[in-house]
Amino acid sequence: MQSPVIVLNTNKQRESGHKAQMSNIAAGKTVADVVRTCLGPRAMLKMLLDPMGGITLTNDGFAILRECEVAHPAAKSMIELSRTQDDEVGDGTTSVIILAGEMLAISAPFLERKIHPVVILRGFQKALEDAQKILRSIAVHVDTNNREQMLGLIKSAIGTKFVSRWNDLMCNLALSAVQTVACRTTDLEAASTDAESKMDVDADSSAAPKQAAQPTSAASVDAVASVASSVTAEGAKPSVPEVDVCEVDIKRFVRIEKVPGGEIEESRVLDGVMINKDVVHPKMRRHIENPRIVLLDCPLEYKKGESQTNIEISRESDWSRVLEIEEEQIKHMCEKIAAVKPDIVITEKGVSDLAQHFLVKNNITALRRMRKTDNNRIARATGAKIVTSPDELKEQDVGTDCGLFSVEKIGDEYFSFFTKCTNPKACTVLLRGPGKDTLNEIDRNLQDAMCVARNVLFNPYLCPGGGATEMALSVQLAQRAKSDIDGVEQWPYAGVAEAMEVIPRTLIQNGGGNAIRTLTELRAKHAAGQTTWGVDGEKGVPVDMNEYGVWEPLAVKLQTIKTAIDSASLLLRVDDIVSGTAKKSE
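Each chain has its residues counted from 1, running along the sequence as written. Reporting of local features is limited, given that this is a predicted model, to residues whose pLDDT is at least 70; pairs of side-chain atoms are given and counted only at 80 or more, and all residues count toward the totals for whole chains, interfaces and linings. In computing side-chain properties, one takes all heavy atoms of the structure into account and sets aside hydrogens as well as water.

Looking at an unreviewed UniProt entry, the chain carries the name T-complex protein 1 subunit gamma, with the source organism given as Coemansia spiralis. Heading Sequence similarities (unreviewed entry) of the UniProt record for the chain holds this comment: "Belongs to the TCP-1 chaperonin family." UniProt positions are given in the numbering used here, feature names are shortened, and annotations may be inferred rather than shown by experiment.

## Some remarks on the overall build of the chain
If you tally the helices and strands in the chain, you get 21 helices and 20 strands. Working definition: with a 1.4 Å probe on protein chains only, accessible area under 20% of the residue-type maximum means buried, over 50% means exposed, and in between means partly exposed. Residues classed as buried in the chain amount to 49% of the 586 residues present. Here a residue-residue contact requires only that any non-hydrogen atoms of the pair lie within 4.5 Å. Sequence-distant contacts in the chain: of pairs separated by 6 or more residues, those separated by 24 or more amount to 77%. Carbon and sulfur atoms form 50% of the exposed surface of the chain, whose accessible area is close to 28400 Å². Elements are defined by DSSP. Helices are runs of H or I of four residues or more, strands are runs of E of two residues or more, and each kind is numbered from the N terminus. Accessible surface is estimated by sampling points in the Shrake-Rupley manner with a 1.4 Å probe; for residues, cover comes only from the protein chains shown.

## Regarding the side chain of histidine 526
When you line up the elements, histidine 526 lands in helix α19 (residues 515–527). Taking the relative accessible area as the measure of exposure, histidine 526 reaches 6% and is therefore buried. If we ignore the near neighbours within four places in the chain, the residues touching histidine 526 are Ala468, Met471, Ala472, Val475, Thr531 and Trp533.

## Some thoughts on the nonpolar core
Ranked by size, the top nonpolar core spans 79 residues in total, and within it Met170, Leu300, Ile346 and Phe418 carry the most contacts. Here this core gets nine residues from one element, more than from any other, and that element is helix α15 (residues 436–458). When neighbours within four sequence positions are excluded, methionine 170 is seen to be in contact with Ile158, Val163, Ile264, Ile442 and Leu446. Nonpolar cores were defined as sets of buried Ala, Val, Leu, Ile, Met, Phe, Trp, Tyr and Cys residues, with membership established by side-chain atoms within 4.5 Å. By size, the runner-up hydrophobic cluster in this structure holds 66 residues, among which are Leu104, Leu473, Ile503 and Ala564.

## Brief notes about the packing of aromatic side chains
For this analysis, a ring pair means two rings from Phe, Tyr or Trp (six-membered ring only for Trp) whose centres lie within 6.5 Å, classed as stacked if their planes differ by under 30 degrees, edge-to-face if by over 60, and tilted for the remaining angles. By the definition in use, this model includes one aromatic pair. The ring centre of tyrosine 414 lies 5.5 Å from the NZ or CZ of arginine 286, which sits over that ring. Residue placement shows lysine 525 over the ring face of tryptophan 533; its charged tip is 4.3 Å from the ring centre. Lysine and arginine charges are scored as sitting over a ring when NZ or CZ, respectively, is within 6 Å of the ring centre and within 35 degrees of the ring normal.

## Regarding the pairing of strand β17 (residues 533–536)
The criterion for strand pairing is that DSSP finds at least two bridges linking the strands in question. Where β17 and strand β18 (residues 541–544) come together, four bridges link them in antiparallel fashion. When the bridges of β18 are listed, tryptophan 533 appears paired with aspartate 544.

## Side note on the sheet that holds strand β13 (residues 404–410)
Spatial strand order, β7-β14-β13-β8: four strands in an open sheet with antiparallel pairing. At either margin of the open sheet sits one strand with a lone partner, and together these are β7 (273–275) and β8 (287–289). Going from strand to strand, the sheet's axes swing by 25° on average, the running direction of each strand aside. Pairing between β13 and strand β14 (residues 413–419): seven bridges, direction antiparallel. In the strand pairing of β14, lysine 409 is matched with tyrosine 414. Only the stretch in contact is used when fitting a helix axis, every axis being a line fitted to C-alpha atoms; angles between N-to-C directions are given from 0 to 180 degrees. Strands β7 and β14 of the sheet are contacted by helix α14 (residues 372–382), whose axis makes an angle of about 150° with β7.

## A closer look at the sheet that holds strand β10 (residues 344–347)
Note: strands within a sheet are paired through backbone hydrogen bonds, in either parallel or antiparallel orientation. On the basis of which strands lie adjacent, the open sheet formed by four strands has the order β11-β10-β9-β12 and parallel pairing. Strands with a single pairing partner mark the edges of an open sheet, and in this sheet they are β11 (365–367) and β12 (386–387). Pairing of β10 with β11 involves three bridges; the strand directions are parallel. Its bridge partner lying in β11, isoleucine 346 is registered against leucine 367.

## Points about a nonpolar patch on the surface
The grouping of Leu45, Met47, Leu49, Ile55 and Leu57 at the surface amounts to a nonpolar patch, some 490 Å² of accessible area in total. By the element assignment, leucine 49 lies in strand β2 (residues 46–49). A patch consists of residues whose relative accessible area exceeds 30% and which take part in no salt bridge; residues with like charges are grouped when within 9 Å of each other, and nonpolar side chains (Val, Leu, Ile, Met, Phe, Trp, Tyr) when within 5 Å. A carboxyl oxygen of Asp or Glu within 4 Å of a side-chain nitrogen of Lys or Arg is what we treat as a salt bridge.

## What about the pattern of salt bridges?
Tallied over the entire structure, the rule returns 24 salt bridges. We note a salt bridge from aspartate 343 to arginine 285, for which the minimum N-O separation is 3.1 Å. You can see aspartate 343 sitting in the loop between α12 (316–338) and β10 and its partner arginine 285 sitting in the loop between β7 and β8, a full 58 residues away along the chain. Residue aspartate 343 is classed as buried on the basis of its relative accessible area, which comes to 17%.

## Some remarks on helix α18 (residues 502–510)
Of the residues making up α18, those classed as buried are Val502, Ile503, Pro504, Thr506, Leu507 and Ile508. Of the surrounding secondary structure, the elements contacted by the buried residues of α18 are α4 (93–112), α16 (468–483), α17 (490–500), α19 and β17. Just downstream of α18, glycine 512 is the residue with a positive phi angle, here 80°.

## What to know about the packing of helix α6 (residues 147–158) against helix α7 (residues 167–181)
At their nearest, the axes of α6 and α7 sit 9 Å apart, and the two run at 115° to each other. You can see that α6 and α7 cross each other, and the crossing is right-handed. Mapping the contact onto sequence places Arg147, Met150, Leu151, Ile154, Lys155 and Ile158 in α6 and Asn167, Asp168, Met170, Cys171, Asn172, Ala174, Leu175, Ser176 and Gln179 in α7. Handedness of a crossing follows from how the near helix is turned relative to the far one, being left-handed for an anticlockwise turn of less than a right angle and right-handed for a clockwise one.

## Notes on the pairing of β2
The pairing of β2 with strand β3 (residues 55–58) spans four bridges and is antiparallel. Counted as the bridge partner of leucine 48 is threonine 56 from β3. Counting the residues between successive antiparallel strands, the hairpin from β2 to β3 contains five residues, one of them, glycine 53, with a positive phi of roughly 95°.

The following block contains the structure:
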């Protein structure tokens, strides 16, 4: 008899075949169970202690899983899901994990019956295609220019969060911030063309087209709504509008500044930018109305050599000349800056004492060591251009859109405010609150709310919330499984329909309701075609979402279902797990 051939190193851990698949399913279910109680308005909080001793209090699925350290590769893949969901749509991070875990759980009986994973995946993919069609059929159009509708939508998104007690305030903050930075790409091009021709045209005539194109941030929202309504008018299915319709860059142009102290009600969205900096010289002005602003990306210091430089001086007069050259160069730089008559100079590098002296003589206020991201926000809010050298400064590089510059002390720190901007396309959200942990949680919730508002601007369609959408998918997919699907694929297809019930079921359980009775009532409602019936997360009872007013963006629902089914499919195709780490030697 031939001796066995050992191909893999025997020190490596290996699981293969059915055992590997069941191991992946168990890992996925475990991760889903961790965040299951964090779904809905009655969600429980998790307290996480990091290695440095910091505490995180949150019920946000992504924030919880990000702090968890897991060893199993399938569990790591599940955690990656919530990251994808957070990057793509910013909401639904808990739902996607719960749904993916349930998709894996319903696959286990099929694998036990020796159904091939590829057949299961085929059923899943058919169910995914049909689910997307059903979602689009039950979605309703929203007028993004209607502030009341938008506030109601954001309210339902953060109603499950820690900040739900300050619902109205947070919704207003999120919507104002998103509407401030929302702008059409065509307007961006028009603005750049306008800036280039600023010297050649009269100031009034250059301002007119700009105001006509974008009188308020609501105008850009209106533009998106008009494009969306034209899509519907043509009889097309609800779909994402063209990519170039709108630009809403929350990450770069909305800065959330957390200042401990004061009350949460004092939080507000500034019509401009706020920076944690003070002026560099005590004699510089700290309150300027309609300032002229110059932004630099170079140091206002004597330029030193790139590498170490040694100078040998034999006469005392030479040493005096070296000092004179340094002074002359800094004076030349300050004169170039003063030539455009700015009130404020902001640089990303340092400002020497000598440069401060010359700037104070010219009555110019200076801020130094500004972060690149902050400089970009100031440029966008004030209309200034960032210049790399004072020699290249021109009149059109000066920002004049800011109405007021002031330095204020909040707590123990000084903050510079650039406010009353005419058409700011960047803003700062000032958050006040009792402590750092509270502010961090409010920050996370506000990010979710802003993502929801952004998604609706891009794709102005809503689905009923409170598990109504998932229940509609479950009932309609179950009906199709019986009538349209043949063969073994019918089982996994019907399994997807069963898995969709996990969201309403979890909402009922977290709200303290009777899961079996409520789900039976919901199935009956949806079978009769009442697709807007879902779960009241507070009490765990059925309710019509049209009256209850909980709606969610179509983009979030589509992304949740796609991500959950695709990830479950990926893990089911794994039939061998070889651990890369060797077993510890005895």
